[in-house]
Amino acid sequence: MTERTPLLNYRLLSSVNESEPRGAAGSQAPEQLPDSPRRKSTPQQQPKKLSVFFGVVVPTLLSMFSVVLFLRIGFVVGHAGLYQSIVMFLVAYFIISMTVLSVCAISTNGALDAGGAYYMISRALGPEFGGSIGLMFFLANVCGSALYVLGLVEAIMSTFGIPEDPNVVPSAHQILPSGYWWSLLYATGVALLCLLVCLVGAHIYAKATFIIFLVVIFVLIMIFISFFVVGPKTITLPSPSSFNPSNGTGPVLPTTANFTGFKLETLLGNLYAGYTSDYTTGKMMSFATVFAVMFNGCTGIMAGSNMSGDLKNPSYSIPRGTVTAVIFTFIIYNLLSLLVACSCDRVLLQRDYSFLRAINIWDPFVIIGVYSSTLSAAMSNLIGASRILYALARDDLFGGYNAVAPKRTHSGNPWVSVLMSWFSVQLVLFSGKLNTIASIVTIFFLLVYAAVDLACLALEWASAPNFRPTFRYFTWHTCVLGIIGCAIMMFLINAIYASASIAFMLLLLLLIHYLSPTSSWGYISQALIFHQVRKYLLMLDVRKDHIKFWRPQILLMVSNPRSSVGLITFINDIKKSGLYVLGHVQLGDLSTLPSDPLQAQYDSWLSLVDHLNIKAFVNLTLADSVRHGVQHLLFISGLGGMRPNTLVLGFYDDCLPKDKLIESPLFSTESVEPFSPSEDVNQPPMYHFASLRGSSDRHDYGEFGDGKVLGPQEYVSVISDAMKMLKNVILARYFNDFDRAQVLSSPSPLAKGDVFVDVWPINLLRPDSCSYVDTCSLFLLQLACILNMVKAWRKATLRLFLCVEEGQSVRGSEAKLGQLLKDLRIKAQVYPVPWDQVVGLHWQRQGGFSKNQKSLSPDSTTDELEARPMEEESEDDYVNSFPSNATRVSDDYLTAVNKLILDQASQPPAVRFLYLPRPPADTRRYATYLHQLDLLTQDLGPTLLIHGVTPVITTDL
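Parameters and conventions
- Residues numbered from 1 in each chain as written.
- Predicted model: local features only at pLDDT ≥ 70, side-chain atom pairs only at ≥ 80, totals over all residues.
- Heavy atoms only, no water.
- Axes fitted to C-alpha atoms, helices over the stretch in contact; angles between N-to-C directions.
- Helix = DSSP H or I, 4+ residues; strand = E, 2+ residues; numbered from the N terminus.
- Parallel < 35°, antiparallel > 145°, perpendicular 65-115°, else oblique.
- Contact = heavy atoms within 4.5 Å.
- Nonpolar A, V, L, I, M, F, W, Y, C, P; charged D, E, K, R; others polar.
- Phe/Tyr/Trp six-rings, centres within 6.5 Å; stacked < 30°, edge-to-face > 60°.
- Buried < 20%, exposed > 50% of the residue type's maximum accessible area, 1.4 Å probe, protein only.
- Lys NZ or Arg CZ within 6 Å of the ring centre and 35° of its normal.
- Core = buried A, V, L, I, M, F, W, Y, C linked by side-chain atoms within 4.5 Å.
- Expected span 1.5 Å × (residues − 1).
- Patch = residues over 30% accessible without salt bridge, like charges linked within 9 Å, V, L, I, M, F, W, Y side chains within 5 Å.
- Areas by Shrake-Rupley, 256 points an atom, 1.4 Å probe, with all protein chains shown as cover.
- Salt bridge = Lys/Arg side-chain N within 4 Å of Asp/Glu carboxyl O.
- Lys, Arg positive; Asp, Glu negative; His and termini not counted.
- Charge placed at Lys NZ, Arg CZ, Asp CG, Glu CD.
- Left-handed = near helix turned anticlockwise from the far one by under 90°.
- Pairing = 2+ DSSP bridges.

Caption draft 1: Broad picture of the packing of helix H25 (residues 712-724) against helix H33 (residues 926-936). One can describe the packing of H25 onto H33 by two numbers: an axis separation of 9 Å at closest approach and a directional angle of 85 degrees. The orientation of H25 with respect to H33, classified from their angle, is roughly perpendicular. In contact with Pro712, Gln713, Tyr715, Val716, Ser717 and Ser720 of H25, H33 contributes Tyr926, Ala927, Tyr929 and Leu930. Of the residues that constitute the contact of H25 with H33, the class distribution is seven nonpolar, three polar and no charged.

Printed below as a string of C-alpha cells:
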C-alpha cells in the first residue's frame, strides 16, 4: 500500500451484493471511484435498501413473538408458575441483553457486510473461531426454522386435524389426517412456501413480513382485550398423545378446564411451580426443560443482524432496531404472563397449549396470529441461515465443499445458499416434535451469543486504538457476564448437548485452521498476544536473572540465507526455547537513499522462517560497515529481559558459498518436518535474496576484490566487540553442506551410537593449559547438553575428549572429569587422548620463537616485544584474559592438533564443539589469530568454535 492509496477504499467500493467477484472489485478499485459515472450507472449493485424498522425491528419482533407468544406462554406459566416464569424471563433477557450490548458495540465499530453475527465474530476473532461459530449459527438458524415450521404444523393440526384418540368425535372442520408422516408432509409444504418467498429475494420477504407484522400486532391487541371482555367459561381439553386408552390402570386425566377471568384465587394457584409431564411428549418437565422452550422466544435477537447485507446502514440500524425489539417483547411477555396467571387455572395452562384461541373474542384471530407469526419466524431463520451460509462460502473457509453456495441472481440473492438451507431444514423436520429440538436450538443460540460476547471482550481487552464503537453502553464486565450466563444455561438445559456442541465447535476450529487460506481480516489473537507479551515483558526483570534459569538467546548473523540454510536449522536446535534472532546487515547510507530498502525484504525473510519451520525473529539493519551493523543489532535486538546473549557468526574463509535454499530437503517429500510444503520442489523460489558471491549472474564486488563485504581485520573486530559487550561468541564452519535430515537419519534407529557430537573443552591454542573447568569450557558442555536434549538429537552420543600428557594420572583426570559430568547431570563418554608429541612441537619452538617469527613476518619483532610484558602473568590469570602466547603457536603445532582431532573419530561426528580463545589485545595480530583458527579447524566438518564469557551452569538445586 502506497501513501496515495485511500485507506477506506475497500469499504467504499466492495459490497457482498455486487454482481462481480470480490477479487475483481478489489483489483479495479482505484479506477472505480464512488462518484464515477460507471458506479452510478449500475444501481442494481446497491440493493441495501431496508431501513431500521423494516430490516431490523419487524424481523426481530416476529422471530421473538412466534411460538412462545401464542403456543407456549401458557406452558411456561402452567409448569413454572408466575414467579419462576418472571425469573426465567429476567434470566433470559439478562443474557440476551448482555449479548445485545456486545452486538451493538461490534456493529458500530465499522462497516458490516452480509453474515450478521458470523461476520462480526469472524472479523473480530479470526477465520478459525468465526468459521466454526458461523457454521454453528447456520445450524442454529436451520434448527430454529424447523422448530417454527413444526410449531405451525402443530397449530394447524390442533385446529384442523383429526384427533388421534378414536374416542373423541372430530368436529366439522377437523378434516386433516393426523400422524407422524402426515405431519411431516404438512411441514414439508410449509417449508416449501418459505423457500419460495426467500428465493424471490429479501425485499419481497421484507414486504411479506411487514404485512404479517400488522396482522400479529392486531391479534395481540385482540388477545389483551379478550382477557377483559370474555367471561368465565369451561374449555374442553385435547387428549394427550401419550395417553393409552387401553391401559385402564393409568391415571385419569381431566377432560375440561376453566377460564375463570380475573380472580385472586386463580392468581394464587398459579404463583408457584407445578411441574408435570408434557401432554404432547409424555416427558416430565423441569425448570431447565421449560426454560429451553421459553428461551426460543428470545433467540430472535439476531434476526435483524442476519439481514446486515440488505440494510441501508447496518451500523446504525442494528443497535437501534434490536434494542427496541428486545424492550418491547420483554414488556409484552411479562404482561401476558400476568394476565394468564390471573385468569386461567393451572390445568388449562398445562393441558392445552392453544388455549388463547378458546378464550378469544373470535377464535380465528389467534389462529391467524399463530400461523402468521410462526410462518414469518420460519422464513426469518431460513433467510438468515442462507445469508450465513453465503458468507461462509464467500470467505472460502471450507475449501471446495461449498463452492456453489456463493452463486447469486442478478439482484444479489444467493439462491444456491437458500436451496441448501431449505434442504437442511427439511432434514431437521424428521425429528417430528416441537419440544424435541427446542433444547438443541437453544444451546446452539447460546453458544453463538457467548461467541459474540467473547468477540467483544477480546476487542475490549486488546485495547486496539481502532476499536472505538459509537455505542458505548458496554464494558468488559457485561461481556463476561454474558459469557458466564450463556455457559451456565447451556449446561443447565442439557449438559450432554452442550458438551457435544462445544466439542463439535472445537473440531470445526481445528478443521478450518488447517484447511482455510490465510485471511486479510486481521486476527484478534495477534492484538491479544501483543497486549499480553508487552505486559509480561515489563514483568521480566533482568535484575532477577539467575544462573539456574539461563538459556541461550541467540543472534545469528546471516550474510545471505541462500548459503545458510543448514546453519539456520542447526542453531534452531540449540536455542532451548530461548530467543532466536536472524540478523542481517545491509551496507548503505539512509541519507543517500529515497526510502528504507529493508522494509521490502522482511516478507522474504519471514517466508523463509515459515518454510524452514523454525521459531525465530528477523532483525535487519542498515549500516556503513558490517562491524557497525552487528554492534547495532547487539545493542537493540530484543526487549527488556529478552535480549541476545550469544552471537553466532559464519567462519571467515575462502570457500565459495553454495545455494542450498532451492534444493533444501525441507522442500522435499523426505523432510523430517511434518508440514513442509512438498509441492514446492519444482517451483521457482519465492524469495528475493541477492545472488551469492561467485555466482554466474553476479559480478564480484567489495573492497577486497573477492566479493566479500568485510575483511579479516573487521571480522575479528566483530568477535572482539561482542566479547567486550559480554556476549558469548560462536563461530560456525562447514555448515554450508550440513543436512540435518541426512545426519539424523540413522540406518538403525534403535542403535545408540550412530550419531556423535564431539566436545573438546580445552583451549587448544594454549597447550600449557590443562584446565577443564573454566567458564568457556563449561559453556561448551552446556551447549552440547542442550543439543542432546532436543528430541531429534536425543539418540546422539556426546563424546568428551580429555587431552593428557605423559606423567599425568590418566585415571585420576578421567575420574575427576566423570565426577564433574555427574554433578552437572550431563551424560557423555570420556575419551583420554594422549598428545605428548603434539605438545612437544609447541615446546620445541619456544626457544627459537623470535627467530622463527622473524622469518615469517617483518613485524614479528615488534609483536614479540609487545607481548613480553604479558609473558610473566600467572597461571591463574590466563583463563579469560587475552592470551599472550597465542601468536607463539606454530603452524606445525596447529596442523598436528588438527590431525589429532581427525584421528580420534573412527566414525565422523555430526558436529564438533571446540574452544574459541579470545582475540589478541593487539589488533595487528588479528590476521594471525584468524589464520590459526583456520589451521585448527581445517577439514573438520561441521564445527562450532565457542567462547563463553558468563557462567551458565550450576550444580545447585
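Moving on from the model shown.
Caption draft 2: Broad picture of the packing of aromatic side chains. Evaluated as defined, the whole model comprises 28 aromatic pairs. Consider the rings of phenylalanine 53 and phenylalanine 54, whose centres lie 5.5 Å apart with planes at 85 degrees: the pair is edge-to-face. On the accessibility criterion, phenylalanine 53 (33% relative accessible area) is partly exposed. With 5.6 Å between their ring centres and 85 degrees between their planes, phenylalanine 53 and phenylalanine 213 make a pair best called edge-to-face. Of this pair, phenylalanine 53 sits in helix H4 (residues 52-64) while phenylalanine 213 is found in helix H9 (residues 202-229), placing the two residues 160 residues apart along the sequence. Taking relative accessible area as the criterion, phenylalanine 213 reaches 11% and is therefore assigned buried. Between arginine 72 and the ring centre of phenylalanine 75, over which it is positioned, the NZ or CZ distance is 5.9 Å. Across from the ring centre of tyrosine 536, 5.6 Å away, lies the NZ or CZ of lysine 535, which sits over that ring.

Caption draft 3: View of the nonpolar core. Among the nonpolar cores identified, the biggest contains 163 residues, and Ile96, Phe227 and Leu429 are the most heavily contacted of them. The element contributing the most residues to this core is helix H5 (residues 67-107), with 22 residues. Once residues lying within four places of it in the same chain are set aside, the contact partners of phenylalanine 227 are Phe259, Phe262, Leu336, Leu339, Val340, Ser343, Leu356 and Ile359. Counting residues in hydrophobic clusters, the runner-up holds 62 residues, among them Val618, Leu661, Ile730 and Ala732.

Caption draft 4: Representation of helix H32 (residues 891-903) within the structure. Here H32 contains 13 residues, and its C-alpha end-to-end distance of 18 Å stays within 8% of the 18 Å for a straight helix at 1.5 Å per residue. Regarding H32, the residues found buried are Tyr893, Leu894, Ala896, Val897, Asn898, Leu900 and Ile901.

Caption draft 5: Just unusual backbone geometry, in detail. One non-glycine residue, leucine 726, lies in the positive phi region at around 60 degrees. Here leucine 726 shows up in the loop between H25 and strand E7 (728-733). Under the relative-accessibility criterion, leucine 726 is labelled exposed at 54%. Within the chain, aspartate 939 stands out as a residue other than glycine whose phi angle is a positive 60 degrees. The residue aspartate 939 is located in the loop between H33 and strand E12 (943-947) in this model.

Caption draft 6: Expanded view of helix H8 (residues 180-200). Given a rise of 1.5 Å per residue, 21 residues ought to cover 30 Å, and the 31 Å separating the end C-alpha atoms of H8 matches this to within 8%. Residues Leu184, Tyr186, Ala187, Thr188, Val190, Ala191, Cys194, Leu195, Val197 and Cys198 constitute the buried set of H8. Positive backbone phi, at 140 degrees, marks glycine 201, one or two positions downstream of H8.

Caption draft 7: How the structure looks around a positive patch on the surface. A cluster of basic residues, Arg551, Lys576, Lys791 and Arg794, forms a positive patch at the surface. Relative to the elements of secondary structure, arginine 794 occurs in the loop between helix H27 (775-789) and strand E9 (797-804).

Caption draft 8: Focus on a nonpolar patch on the surface. A grouping of Ile221, Ile225, Phe228, Val229, Phe262, Ile361, Trp362 and Ile368 is seen on the molecular surface, where their side chains present a nonpolar patch of about 780 Å² in accessible area. It is H9 that provides the largest number of residues to the nonpolar patch, a total of four residues. Position of isoleucine 361 among the secondary structure elements: in the loop between helix H15 (355-358) and helix H16 (363-394).

Caption draft 9: Focus on the environment of glycine 274. In this fold, glycine 274 is placed in the loop between helix H10 (264-269) and helix H11 (287-295). For the pair formed by glycine 274 and histidine 79, sequence separation is 195 residues and the distance between their alpha carbons is 5.1 Å. Among all residues touching glycine 274, those that are not within four sequence positions of it are Gly78, His79, Arg346 and Gln350.

Caption draft 10: Summary view of the packing of H4 against H16. Remark: H4 packs on H16, axes separated minimally by 8 Å, with the N-to-C direction vectors making an angle of 115 degrees. Along this stretch, H4 crosses H16, giving a crossing that reads as left-handed. The residues of H16 that touch H4, namely those facing Pro59, Leu62 and Ser63, are Ser373, Ser376, Ala377 and Ser380. For the contact of H4 with H16, a count of residues per class yields three nonpolar, four polar and no charged.

Caption draft 11: View of the pairing of strand E6 (residues 646-650). The element E6 is largely enclosed, with a buried count of four among its five residues. In the sheet, strand E3 (residues 554-557) pairs with E6 via three bridges, with the strands oriented parallel. If you follow isoleucine 554 over to E6, its bridge partner there is threonine 646. Bridging between E6 and E7 involves five bridges; their strand directions are parallel.

Caption draft 12: Examining the environment of tryptophan 415 more closely. Of note, tryptophan 415 is situated in helix H17 (residues 415-428). For tryptophan 415 and glycine 201, which are 214 residues apart along the polypeptide, the C-alpha to C-alpha distance reads 8.5 Å.

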